Amino acid sequence: MKKIIILVLIILSSFSISTFTYAETTKTSNAMFKLYKKAILTRSQIKKDYIDWEKINSKIEKYFINLYFKTDRVKRLKEIEKKMWDIIKKYEGKKLTIKQEKSLNIIKNIYYRAVIDLEK
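In this text the structure is predicted, and so the values were computed from the model without any measurement. (Residues numbered from 1 in each chain as written. Predicted model: local features only at pLDDT ≥ 70, side-chain atom pairs only at ≥ 80, totals over all residues. Heavy atoms only, no water.)

*Asks:* Would you mind going over the overall build of the protein chain with me for this structure?
*Replies:* The helix and strand inventory of the protein chain stands at four helices and zero strands. Its helices and strands taken in sequence order, the protein chain reads α-α-α-α from the N to the C terminus. Counting every position in the protein chain, which comprises 120 residues, the buried fraction comes to 25%. Within the protein chain, counting contacts between residues at least 6 apart in sequence, those at least 24 apart form 70% of the total. Just so you have it, the protein chain exposes about 9500 Å², and 64% of that area is on carbon and sulfur atoms. (Helix = DSSP H or I, 4+ residues; strand = E, 2+ residues; numbered from the N terminus. Buried < 20%, exposed > 50% of the residue type's maximum accessible area, 1.4 Å probe, protein only. Contact = heavy atoms within 4.5 Å. Areas by Shrake-Rupley, 256 points an atom, 1.4 Å probe, with all protein chains shown as cover.)

This is how it looks when you write it as structure tokens:
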């Protein structure tokens, strides 16, 4: 009888641990999903806004690819994130011209990519 109770307790404890781990993973994956979604949306907005959108997106991609080979990558990503966030906060909710909105989309795209790279 003791063996059965111990076995049941072990099964229940492993189930609760796996449930907790799943819940935490789900929260993290939902946050990452939202970041990826925002990055994709800003990228598509850049595509709509600019004629030379391929050139702009490729420059952003090349910059982040080059960061992978830098030794101070995390430091640079944190700086990018902070600077872009400050700019986004400064202009968020204000009446902007079309040119400013286009520029803000590029800034948001860079910000989301930096946050995604920091979370990896």
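After that view, the rundown keeps rolling.
*Asks:* Whenever I open this one, the nonpolar core confuses me. Can you help?
*Replies:* Here is a general trend for soluble globular proteins: nonpolar side chains tend to be buried in one another's company. In this structure, Leu35, Phe64 and Tyr111 are the most contacted members of the largest nonpolar core, which totals 21 residues. When contributions to this core are tallied by element, the ones reaching two or more residues are helix H1 (2-49), helix H2 (53-67), helix H3 (73-91) and helix H4 (98-119). If sequence neighbours within four positions are ignored, tyrosine 111 has contacts with Glu81, Met84, Trp85 and Ile88. (Core = buried A, V, L, I, M, F, W, Y, C linked by side-chain atoms within 4.5 Å.)

*Asks:* Explain the packing of H3 against H4 to me, please; I cannot follow it from the model alone.
*Replies:* Helix packing geometry: the angle between the two helix axes and the distance between the axes. Close contact between H3 and H4 brings their axes to 9 Å; oriented N to C, the two are set at 145°. Judged by the twist between their axes, the crossing of H3 over H4 is left-handed. Together, Arg73, Val74, Leu77, Lys78, Ile80, Glu81, Met84, Trp85, Ile87, Ile88 and Tyr91 of H3 and Leu104, Ile107, Lys108, Ile110, Tyr111, Ala114, Val115, Asp117 and Leu118 of H4 make up the contact between the two elements. Residues of the contact of H3 with H4, tallied by class, amount to 15 nonpolar, no polar and five charged. (Axes fitted to C-alpha atoms, helices over the stretch in contact; angles between N-to-C directions. Left-handed = near helix turned anticlockwise from the far one by under 90°. Nonpolar A, V, L, I, M, F, W, Y, C, P; charged D, E, K, R; others polar.)

*Asks:* Honestly, H2 in this entry has me stumped. Any pointers?
*Replies:* In an α-helix, one turn spans 3.6 residues; hence positions three or four apart end up facing the same way. For H2, built from 15 residues, the straight-helix expectation of 21 Å at 1.5 Å per residue is met to within 8% by its first-to-last C-alpha distance of 21 Å. Of all the positions in H2, only Ile56, Asn57, Ile60, Phe64 and Leu67 are classed as buried. Down the axis, H2 shows its buried residues gathered within 95° of arc, on one side only. Structural note: H2 exposes Glu54, Lys59 and Lys62 on the side pointing more than 90 degrees away from its buried face. (Expected span 1.5 Å × (residues − 1). Arc of directions from axis to C-beta.)

*Asks:* Looking at this model, I keep getting lost on a nonpolar patch on the surface. Mind explaining?
*Replies:* Judged by side-chain polarity, Ile65, Tyr68 and Phe69 come together as a nonpolar surface patch covering roughly 360 Å² of accessible area. Mapped onto the elements, isoleucine 65 comes out in helix H2. Using a relative accessible area of 46% as the deciding quantity, one classes isoleucine 65 as partly exposed. (Patch = residues over 30% accessible without salt bridge, like charges linked within 9 Å, V, L, I, M, F, W, Y side chains within 5 Å. Salt bridge = Lys/Arg side-chain N within 4 Å of Asp/Glu carboxyl O.)

As far as function goes, none of this settles anything; it's purely spatial.
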